[in-house]
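Descriptive analysis of the structure
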Amino acid sequence: MGYLTTDLLDKIKDPVLFRTLTEVLPQGQGRIKVADRIYTDISSNDYLGLSYHPRVVEAAAKALEKGLGASASRLMTGSTCLHHELERKMADFKGKPSVTVMNSGYQANLGVISAICGKNDCVFFDRLSHASIIDGVKLSGAASFRFRHNDMEHLETLIKKNRRKFKTALIVTETVFSMDGDFAPLKDMVRIKEKYSCLLMVDEAHATGIFGEKGSGMAEKENVTENTDIIMGTFSKALGSFGAYLATNKRIKAFLVNRCRSFIYSTALPPPLAASCIASIEIIKEEPERREALLKNSKHLRDSLTRSGVPTRGMSQIIPVILGKSEKAVDVSLMLKKRGWWAIPMRPPTVPEGEARIRVSVSYHHGADVLERLASDIQSVVM
Ligand SMILES: *Cc1c(COP(=O)(O)O)cnc(C)c1O
């Protein structure tokens with residue numbers, strides 16, 4: 001290894017935080033194969049099992065016959081009819097005037113925050129925000145203030161103290177937190193954003209397809225769609241595909257098309273992926289029983305863990321089992337793997353220091369019997 005590479009790796013001082021890649025073979029039905037053994041996958045975000053749903057796969061295959069790549073960015077010749085159809089369908093689904101399709105959730109957060117905010121602006125964001133939000137804030141060059149997780153008093157204190165020094169002020173939160181599975185107090189955030197003339201942006205990465213009467217997310221469930229300026233989400237989790245969306249009014253969309261650099265300077269999403277997203281939206285609308293079963297089973301798992309004394313958090317299909325030290329999370333992960341569960345240890349900086357965990361994500365294909373076994377296996381390796 002050359003001098004430079006050794007030096008780079010030396011920066012990762014703690015061996016328990018060192019990450020490597022594992023080759024996996026997806027098997028469908030919430031299972032994966034690793035090194036010739038089949039595991040129940042409790043770490044994927046494919047909550048509704050749509051990544052291998054025949055209708056979703058066929059929609060992509062049919063579009064694939066016309067070609068794979070979009071061949072140019074959206075502003076050049078990459079803005080295909082499938083992109084436009086997806087944007088119309090998603091806008092209708094989210095109940096917003098328009099949607100801008102982005103290439104990934106990471107690019108969406110990076111691009112939208114840095115387009116809307118600059119040097120003279122400020123961003124208030126939850127301390128547990130996803131890395132893509134933090135990176136968007138950094139890239140924007142705006143002043144930034146982190147409020148304690150879901151602590152609206154702290155948010156309001158920070159706004160009172162700092163808001164008037166800046167032009168645009170943006171408040172950002174996830175609606176369902178990716179590592180804790182809990183919910184942001186959206187109604188309170190709307191009240192605050194209106195009182196202090198801020199923009200509100202929410203990240204529905206883990207809520208899209210799962211929450212609300214229609215299944216469009218927490219903004220729908222909490223009835224704050226109209227008062228939320230930017231609703232972001234991804235197609236890569238419950239929708240089982242890839243790409244992301246920014247649901248906004250038409251003026252914000254026109255602004256993004258002109259100023260959002262991760263939208264402008266990247267080749268458009270491959271059209272077959274747009275076709276698969278359209279199919280996923282249709283399934284979510286037509287089959288509410290998928291998300292209902294998912295949430296019912298998740299509640300069941302959380303309740304049995306709580307009853308057996310295993311501490312968990314949240315209210316969603318994401319069930320974190322907080323273990324503390326990274327070593328502990330790595331150990332528990334190995335013990336669960338021995339028992340046939342593909343459980344990834346979540347360590348800092350993905351989660352706060354001292355809060356390493358196993359983040360169980362339940363899938364539609366994990367039935368009550370599977371989850372009962374999981375609860376008892378978690379109990380016996382953790383307690
Ligand atoms: C996964 C995730 C993203 C990134 O989405 P991708 O489409 O995977 O790039 C953004 N925000 C949150 C909260 C996420 O969990």
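Throughout, a residue's number is its position along its own chain's written sequence, starting from 1. Reporting of local features is limited, given that this is a predicted model, to residues whose pLDDT is at least 70; pairs of side-chain atoms are given and counted only at 80 or more, and all residues count toward the totals for whole chains, interfaces and linings. Excluding hydrogens and water, the side-chain figures rest on all heavy atoms present in the structure.

Some thoughts on the pattern of salt bridges
Selection criterion: Each reported salt bridge corresponds to a side-chain nitrogen of Lys or Arg within 4 Å of a carboxyl oxygen of Asp or Glu. Only DSSP runs of H or I reaching four residues or more are called helices, and only runs of E reaching two or more are called strands; each is numbered from the N terminus. Accessible area is worked out with a 1.4 Å probe on protein chains only. A residue is then buried under 20% of its type maximum, exposed over 50%, and partly exposed in between.
For the structure on display, the rule yields 19 salt bridges. Here K94 and E204 are joined by a salt bridge, their closest N and O atoms 3.1 Å apart. With K94 in helix α3 (residues 81-94) and E204 in the loop between β8 (199-203) and α8 (218-221), this pair connects stretches of sequence that are 110 residues apart. Comparing K94 with E204, the two get one shared label, buried. Note that E156 and K195 form a salt bridge whose closest N and O atoms lie 2.9 Å from each other. Of the two residues, E156 is situated in helix α6 (residues 152-162) and K195 in helix α7 (residues 186-195); the sequence distance between them amounts to 39 residues. Judged by relative accessible area, K195 falls into the exposed class, the value being 52%. Connected through shared salt-bridge partners, R55, E85, K89, E282 and E286 make up one network.

Section: the sheet that holds strand β12 (residues 341-342)
Operational definition: A strand pair is defined by DSSP finding two or more bridges across the two strands.
One open sheet accounts for four strands, arranged β1-β2-β3-β12; its pairing is mixed. In this open sheet, the two edge strands, each paired with only one partner strand, are β1 (25-28) and β12. Pairing of strand β3 (residues 37-41) with β12, which is carried by two bridges, proceeds in the parallel orientation. Paired with D41 across the two strands is W342, which belongs to β12.

Considering the site of the ligand
Note the threshold: Only heavy atoms are used to decide nearness, and a residue is near a molecule or strand if one of them lies within 4 Å of it. Distance and chemistry together define a polar contact, namely a pair of N or O atoms within 3.5 Å, with one atom able to donate a hydrogen and the other to accept it when in protein, and with adjacent residues in sequence counting only for side-chain atoms on both sides. Only the protein chains shown count as cover for residues, and all accessible areas are computed by the Shrake-Rupley method using a 1.4 Å probe. Ten residues, namely Ala, Val, Leu, Ile, Met, Phe, Trp, Tyr, Cys and Pro, are considered nonpolar, four, namely Asp, Glu, Lys and Arg, are considered charged, and the remaining ones, Gly among them, are considered polar.
By nearness alone, 14 residues border the ligand, and G105, Y106, D203, H206 and K237 come closest of all. Interatomic distance of 2.6 Å between a side-chain N/O atom of D203 and a nitrogen atom of the ligand. Within the side chain of S236, an N or O atom sits 3.0 Å from an oxygen atom of the ligand. Here the ligand loses 87% of its free accessible area of 380 Å² to cover by the protein chains. Counting residues per element, the shell around the ligand draws most heavily on helix α4 (residues 105-116), at three residues. Of the residues that constitute the shell around the ligand, the class distribution is two nonpolar, nine polar and three charged.

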